[in-house]
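Given next are the chains, with one letter for each unit.
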Amino acid sequence: PPPPPLIEEVDGSPGDTHARTHEVRVTRGAGGVPVAVEVTCDAPVGVTSAAQLCATVRGTPPRYVHVEWSSGDVGGKTKTCIALPVPVDPDDVSAVFRKKERRLTLRLAPASSE
């Protein structure tokens, strides 16, 4: 069977509607070592489906998330580049798009220090 899509769509109830466009959170373990990175992005008006977006992790070492939104009926594309405070593993990423909130959440694993 084909692998599951990178971005999972979730029907959820709308949350708060403040003007935030993105947020980055780093969870740290013992000794302050990063154990998880979470990036949350609010989609522009007109984005209603995960099929309208593309998220990639870039950089050497990987420290940027690029998100591109196709706004469908609004026309055009919106691009966002989000700098991460720690390098991440580009092969260890999960994503969820909440349609009602128009919110994308990416969970990334920090790059190993080996």
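The coordinates are above.
This is a predicted model, so every value here is computed, not measured.

Trainee: Would you mind going over the overall build of the chain in detail, with residue names and values included?
Mentor: Counting its secondary structure elements, the chain contains 0 helices and 8 strands. When the helices and strands of the chain are read in sequence order from the N terminus, they spell out β-β-β-β-β-β-β-β. The proportion of buried residues among the 114 residues of the chain is 32%. If you take every contact in the chain between residues at least 6 apart in sequence, the share linking residues at least 24 apart comes to 52%. When the accessible area of the chain is evaluated, it comes to approximately 6900 Å², of which 53% is carbon and sulfur surface.

Trainee: Can you lay out the side chain of Arg 103 for me, pointing to particular residues and giving the numbers?
Mentor: Along the chain, the position of Arg 103 falls in strand β8 (residues 103-110). In this structure the side chain of Arg 103 is engaged in a polar contact, spanning 2.8 Å, whose partner is the side chain of Asp 42.

Trainee: Before we move on, can you summarise the pairing of strand β7 (residues 88-98) with the specific residues and values?
Mentor: Pairing between β7 and β8: 7 bridges, direction antiparallel. Residue Val 96 lies in a different strand from β8, and its bridge partner there is Thr 105. Between β7 and β8, which pair antiparallel and follow one another directly, the connecting turn spans 4 residues, one of which, Arg 102, has a positive phi of 50°.

Trainee: Before we move on, could you go through the pattern of salt bridges and cite the residues and values that matter?
Mentor: Oppositely charged side chains can form a pair if their charged atoms are brought close together. All chains considered together, the criterion is met by 6 salt bridges. Arg 25 is the partner of Glu 38 in a salt bridge, and the nearest nitrogen-oxygen pair spans 2.4 Å. Here the residue Glu 38 occupies a position in strand β3 (residues 34-42), and Arg 25 occupies one in strand β2 (residues 22-28), the gap between them amounting to 13 residues. A relative accessible area of 19% means that Glu 38 is categorised as buried.

Trainee: Help me get a handle on the environment of Pro 61, residues and values and all.
Mentor: As for its placement among the helices and strands, Pro 61 is situated in the loop between β4 (53-58) and β5 (64-70). Taking the C-alpha atoms as reference points, Pro 61 and Pro 90, 29 residues apart in sequence, are found 9.6 Å from one another.

Rules and cut-offs
- Residues numbered from 1 in each chain as written.
- Predicted model: local features only at pLDDT ≥ 70, side-chain atom pairs only at ≥ 80, totals over all residues.
- Heavy atoms only, no water.
- Helix = DSSP H or I, 4+ residues; strand = E, 2+ residues; numbered from the N terminus.
- Buried < 20%, exposed > 50% of the residue type's maximum accessible area, 1.4 Å probe, protein only.
- Contact = heavy atoms within 4.5 Å.
- Areas by Shrake-Rupley, 256 points an atom, 1.4 Å probe, with all protein chains shown as cover.
- Polar contact = N/O pair within 3.5 Å; in protein donor to acceptor, adjacent residues only side chain to side chain.
- Pairing = 2+ DSSP bridges.
- Salt bridge = Lys/Arg side-chain N within 4 Å of Asp/Glu carboxyl O.

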